[in-house]
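Residues per chain, in single letters:
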Amino acid sequence: MSIAFWRKEYETGNSQIDRQHKHLFDIINVLHNAMMKGEGKDVLKPTLYELIKYTKEHFATEEKLMQSSHYPHYHTHKLKHDELTAQVLQIKHKFDDHEEFITVELSKFLTNWLVHHIKGDDQQMIKFLQSKNKG
Ligand code: FEO
């Protein structure tokens, strides 16, 4: 059972960014399914690591786009990326140190964060980039 369902309304209009977002949804679903099945750390760990790695790559892609186009809301947008990264890294450290086990609350939180962020910050940013390219 999946938790992150892709919808057309999440599209930004930038094919590279949309492809990356879809892939993030896919990884969240893999992690969610593993947690639902009660898989152990040996299965959850590589997926959590992959999620963190790909999230960083994705944020870097967007940040590069914002910087090269002198996007006026770059710092606010980057701060949101940094906050999420820090939060997820904190979860990873606790998980690595056996202090905490990850649960479906994590996949729910990530799905909600991503949907909210895509529909707000990301779509606004791509709209700016597209209007600039046209101008
Ligand atoms: Fe798609 Fe700003 O993250």
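The structure this text deals with has already been given above.
Residues numbered from 1 in each chain as written. Predicted model: local features only at pLDDT ≥ 70, side-chain atom pairs only at ≥ 80, totals over all residues. Heavy atoms only, no water.

Student: How do you make sense of the environment of arginine 7 when you look at a structure like this?
Tutor: Mapping arginine 7 onto the fold places it in the segment before α1 (15-36). The sequence separation of arginine 7 and glutamate 105 amounts to 98 residues, and the corresponding C-alpha distance is 21 Å. (Helix = DSSP H or I, 4+ residues; strand = E, 2+ residues; numbered from the N terminus.)

Student: How should the side chain of glutamate 62 be read in this particular structure?
Tutor: Inspection of the secondary structure assignment puts glutamate 62 in helix α2 (residues 41-68). Of the side chains bearing the opposite charge, lysine 80 lies closest to the buried glutamate 62, which forms no salt bridge; the N-O distance is 11 Å. (Buried < 20%, exposed > 50% of the residue type's maximum accessible area, 1.4 Å probe, protein only. Lys, Arg positive; Asp, Glu negative; His and termini not counted. Salt bridge = Lys/Arg side-chain N within 4 Å of Asp/Glu carboxyl O.)

Student: Explain the side chain of threonine 12 to me, please; I cannot follow it from the model alone.
Tutor: Positionally, threonine 12 belongs in the segment before α1. Here threonine 12 falls in the buried class, since its relative accessible area comes to 9%. In terms of polar contacts, threonine 12 uses its side chain to reach the backbone amide nitrogen of asparagine 14, at 3.1 Å. The residues touching threonine 12, leaving out its near neighbours within four places in the chain, are Ile17, Asp18, His21, Asp122, Gln123, Ile126 and Gln130. (Polar contact = N/O pair within 3.5 Å; in protein donor to acceptor, adjacent residues only side chain to side chain. Contact = heavy atoms within 4.5 Å.)

Student: Whenever I open this one, the environment of lysine 127 confuses me. Can you help?
Tutor: Within the secondary structure layout, lysine 127 lies in helix α4 (residues 104-134). Judged by its relative accessible area of 61%, lysine 127 is exposed.

Student: Help me out: how do you make sense of the pattern of salt bridges in this one?
Tutor: Pairs can form between side chains of opposite charge once their charged atoms are near each other. Under the counting rule described, the total for this entry stands at 9 salt bridges. A salt bridge links aspartate 82 to lysine 78, with the nearest nitrogen and oxygen atoms 3.0 Å apart. Of the two residues, aspartate 82 and lysine 78 both sit in helix α3 (residues 74-96), 4 residues apart, roughly one turn of that helix. Exposure remark for aspartate 82: the relative accessible area of 36% places this residue in the partly exposed category. For lysine 78, a relative accessible area of 23% gives the class partly exposed. Of the charged contacts in the structure, one is a salt bridge between aspartate 121 and lysine 80, with a shortest N-O distance of 2.9 Å. Highlighted residues: aspartate 121 in helix α4 and lysine 80 in helix α3, separated in sequence by 41 residues. Linked by salt bridges that have partners in common, Arg7, Glu9 and Lys119 make up one network.

Student: How do you make sense of the packing of α2 against α3 when you look at a structure like this?
Tutor: Describing two packed helices takes the angle between their axes plus the distance from one axis to the other. The N-to-C vectors of α2 and α3 enclose an angle of 165°; their axes lie 11 Å apart at closest approach. Accordingly, the angle class assigned to the pair α2 and α3 is roughly antiparallel. Our pair here, α2 against α3, has a crossing hand that is left-handed. Of the residues in the contact of α2 with α3, the class split is 11 nonpolar, 5 polar and 8 charged. (Axes fitted to C-alpha atoms, helices over the stretch in contact; angles between N-to-C directions. Parallel < 35°, antiparallel > 145°, perpendicular 65-115°, else oblique. Left-handed = near helix turned anticlockwise from the far one by under 90°. Nonpolar A, V, L, I, M, F, W, Y, C, P; charged D, E, K, R; others polar.)

What is shown is where atoms sit, not what they do.
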